[in-house]
Amino acid sequence: MSPSVCLQEMIRVIRGARTQGEERGVIQRECAAIRAQFRQADSGGRSHNLAKLLYVHMLGYPAHFGQMECVRLIASSKYSEKRIGYLGAMMLLDEKQDASLLITNSIKNDLSHSSQHVQSLALCTLACMGSAEMCRDLAPEIERLLKASNSYIKKKAALCAVHIVRKIPELGEMFTPSAHSLLSEKNHGVLHGAVILITELCERNPDNLKQFRKSVPELVQIMKNLVTSGYSPEHNVAGISDPFLQVRILRLLRILGRNNDAASDAMNDLLAQVATNTDSSKTAGSAVLYETVLTIMDIRSESGLRVLAVNILGRFLLNNDRNIRYISMTSLQKIVQTDHTAVQRHRGTIVDCLKDQDASVKRRALELSLALVSAANIRSMMKELLLFLSTCPPELRSHAASGIFNAAERYAPSQRWHIDTILHVLVTAGGDVRDETVPNLIQLITAASELHCYTVHKLYRALISDIVQQSLVQVACWCIGEYGDLLLKGECEEITPMQVTEDDVLDALETVLQSHMSTPTSRGFALTAIMKLSTRITNNVDRIRSVVSIYGSCIDVELQQRAVEYNALFKKYDHMRYFTMSYCTVILEFGCRSRLSLVLGGRGLKAEHVSIIFDCKDNVYLYWFLLQSVQLQMKAPSGDLIPAQGCGTVTQTVLLSYTNKANLKMRVRLSYSSQGTACQDMVQIDSFPSPAWS
Amino acid sequence: MEWVGSPKINQLWWDSSLWGRELKLNTCERSHLYCARVKISLTAVYSGTVRTYQDNMQFMLLFSRQGKLRLQKWYVALSDTQKKKISREVIQMVLARKPKMCSFLEWRDLKIVYKRYASLYFCCAVEDQENELITLEIIHRYVELLDKYFGSVCELDIIFNFEKAYYILDEFILGGEAQETSKKIVLKAIEQADMLQEEAEAPRSVLEEIGLT
């Protein structure tokens, strides 16, 4: 293929390639030819060659050797070469590369070019990829253009100024006077740019806010003209006169009216007018109405206006167009805290949106539903949310589960309902819940002492039906270990009676131990539960003993360690086994996502065996921890680094001896460093669950 | 609330003196694109707004139903590899959507607004606070401009005249914001620029060629 083939021909050939390899070959040949052409500085086809290179770049092939050519073409005097050169610069160069500095001078010259189209190229490039240095250099030029040029250039200069202010906020002062005067322009493009510039200036600097508040009447007038003017074919979109400008002005009014009574008053009438008169049958009108509603809700508007706004959102919620429903829920989310009762009126429709096909709409509906849960509607809302959880897309599951947990914790009408809800979630979506759920649930169960019988029965039944959900398995194992005696007794008021023998229970726990679906943590729970049961059952102690000794040679180190320790209890300390196995697990919550599990032992012993297990989400370096009010002997921790993501634990054993068991309080201070920052956390335990002490 | 991010964010959360105050986070690098959920989490805690000072429109992509990119305009500074990665992700996400679904997707801390016209997807990534409906209108306006320019535009027009598609886009959107709200003026400007280009490329007269003028 001859190197001087035109762009369109090259595209045709590339598209004709039947395989990826063929395409690569064609492109390699073309690039080689282009590279040669660049080196020759052949003035004829330079722009065509660059265009070809840009096409190749868009297909994903490397094109960095074209960067210098862009710089050269930008400096050319021919418009056609400048045009493609600037396009190439925007595509191949970005502010992070040094080559971009080379074009600063060309841009500077072109900003004062006699042809406005050349000026336009320079402005466009600066606004698209201008680095901070370039912006600083060229800001005075832009400021000059803002004042003295035709409207075609002014509108572009205004947006360039916006880019400069975003890059270097301090330069905003330079543009403030010009921005003010631009508001009196008639040209819509210039006005649009000016409003964006003022918005940017106000958002960066509160002083500008004060100054531009004086322009509120002017803005209101411009808006009124737009809304009440007759049909203007040039700016009309579906019956709305220049919706782009209207939306921009409304947004600026929002920023100016926020937290300011005077400004809010000045725009009240206008907002009412726009809210009532805008035709929202097409997207353009809905866009303006939407922006109006956002503005009304954000400024200090009259209550009548707010009601109007919420009603508009309610209407949007019933719209057939999914887009409109989506944005309605987005805005309702913003006001659900401040206008809770108003939003509650639409709860039914929002809950219906949970069943929508569209994942985006579902997500919005979920957020809003969770925000609308209250003590009054908790039961009905939870039914809907649990239904949603069973059918929701996987990416929303963990968010839904944690939302349900939060809601249940805040508004649970009874402890039994709370436990039932959590169990339901674990059965439906146990794989997606956070790790804190297990200790939280354990804590909850421990606290609900009247429900121990009911809970252990329910968990046992869940365990024998399915052991896939690990969090459920862990809680069930713990519960059976702890309250196994209640399970074996067989009676329970709230649940249909079921005869459970010791063998059944041990079978269930051993299934967990042996299943390949069980994680090491779950196995640990199961083994501990089996061991605990040795003090609560009478007939099958030997079976337990044999299970424990088998796991003494297990590959999993954690499990092996436990089994060996339990084995030792059987062999050497059998007389103490009864006492030490009456465990009680107290789960404490620290901030920063670390968790401290305190496993206490003993009934009626002098020295208490305290084992503190850390299970953290970050890499944590353990320095030391301090226990007050007891005489303690600390053994070395099993490690001083806890890997992230719950991949491991550190165990530190502490022996306490004290005399006054009933009044034992413990304060644990944890000092650690996470990702390089030193952190401290402290937790105090005032009382221990009574089964631990006699 | 999920905390993803530096310990600094965690410290901010525990500093209750900050609650209710407007918090400005400086992001000198575009790592905010990858710091998922920080902005949303903080907005829930602090009753003010959190702005991370991104440009309004981050990028615009045009791609076919097979996922081939036909145009990509970036208004933020990213390396080529980052751009490729982002494009791939966004394209996959949008192509996975079913026909009647809504045009808005939440991705990282941006909103993706997309619409399909015949065989091309037009896709914009905008800041979280942007009015999505007006972004849809911006996309529609761009399609109308292309249509008027090429006369019943189709994908092939954009493939074979990609540089013209860019020129039209650059005449309508500047630095991520719409610069001109009148269709007529935009088309006129492009017409004039095209004429300038033709004049510049016009073959020189014979006398000029041999250097006599």
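Residues numbered from 1 in each chain as written. Chains lettered and ligands numbered in written order. Predicted model: local features only at pLDDT ≥ 70, side-chain atom pairs only at ≥ 80, totals over all residues. Heavy atoms only, no water.

**Let's talk about the overall build of chain A**
Piece 1. Across its full length, chain A holds 33 helices and 11 strands.
Piece 2. Put simply, chain A has 694 residues, and 57% of those count as buried.
Piece 3. Within chain A, contacts between residues separated by at least 24 positions form 65% of all contacts whose residues are at least 6 apart in sequence.
Piece 4. Just so you have it, chain A exposes about 29,200 Å², and 50% of that area is on carbon and sulfur atoms. (Helix = DSSP H or I, 4+ residues; strand = E, 2+ residues; numbered from the N terminus. Buried < 20%, exposed > 50% of the residue type's maximum accessible area, 1.4 Å probe, protein only. Contact = heavy atoms within 4.5 Å. Areas by Shrake-Rupley, 256 points an atom, 1.4 Å probe, with all protein chains shown as cover.)

**Details of the overall build of chain B**
Piece 1. The helix and strand inventory of chain B stands at 8 helices and 9 strands.
Piece 2. For chain B, with 213 residues in total, the buried portion stands at 56%.
Piece 3. Counted over contacts in chain B with a minimum sequence separation of 6, partners at least 24 positions apart contribute 54%.
Piece 4. Roughly 9,700 Å² of accessible area belongs to chain B as shown, and the carbon and sulfur atoms make up 54% of that amount.

**With respect to the pairing of strand S3 (residues 57-64) of chain B**
All names here are of chain B.
Piece 1. In terms of burial, S3 is largely enclosed, as 8 of its 8 residues are buried.
Piece 2. Sheet topology note: the S3/strand S4 (residues 69-74) ladder contains 5 bridges and is antiparallel. Its bridge partner being in S4, Leu62 is matched across the sheet by Leu71. (Pairing = 2+ DSSP bridges.)

**Digging into the UniProt feature "domain: AP complex mu/sigma subunit" (unreviewed entry) in chain B**
Piece 1. Residues given the UniProt feature "domain: AP complex mu/sigma subunit" (unreviewed entry) here are residues 57-196 of chain B.
Piece 2. Secondary structure content for residues 57-196 of chain B is 47% helix and 27% strand, and the end C-alpha separation is 30 Å. (UniProt positions renumbered as here; feature names shortened; annotations may be inferred.)

**Some remarks on the sheet that holds strand S5 (residues 104-107) of chain B**
Residues and elements named next belong to chain B.
Piece 1. Ordered in space as S4-S3-S7-S6-S5, the 5 strands form an open sheet in which the pairing is antiparallel. Here the strands that pair on one side only, and so sit at the sheet edges, are S4 and S5. Strand-to-strand, the axes of this sheet are offset by a mean angle of 20 degrees, without reference to chain direction. (Axes fitted to C-alpha atoms, helices over the stretch in contact; angles between N-to-C directions.)

**Quick look at the interface of chain A and chain B**
Piece 1. Listed by partner, the interface residues are 84 residues for chain A and 75 residues for chain B.
Piece 2. Summing both partners gives a buried area of about 6,900 Å² for chain A against chain B, and 54% of it is carried by carbon and sulfur.
Piece 3. When the buried surface of chain A facing chain B is broken down by residue, A:Met58, A:Arg83 and A:Phe244 rank first, second and third, together holding 11% of it.
Piece 4. Here chain A is connected to chain B by 7 salt bridges.
Piece 5. With a shortest N-O distance of 3.3 Å, A:Asp358 and B:Arg97 are connected by a salt bridge. (Buried area = accessible area lost by both parts, 1.4 Å probe. Salt bridge = Lys/Arg side-chain N within 4 Å of Asp/Glu carboxyl O.)

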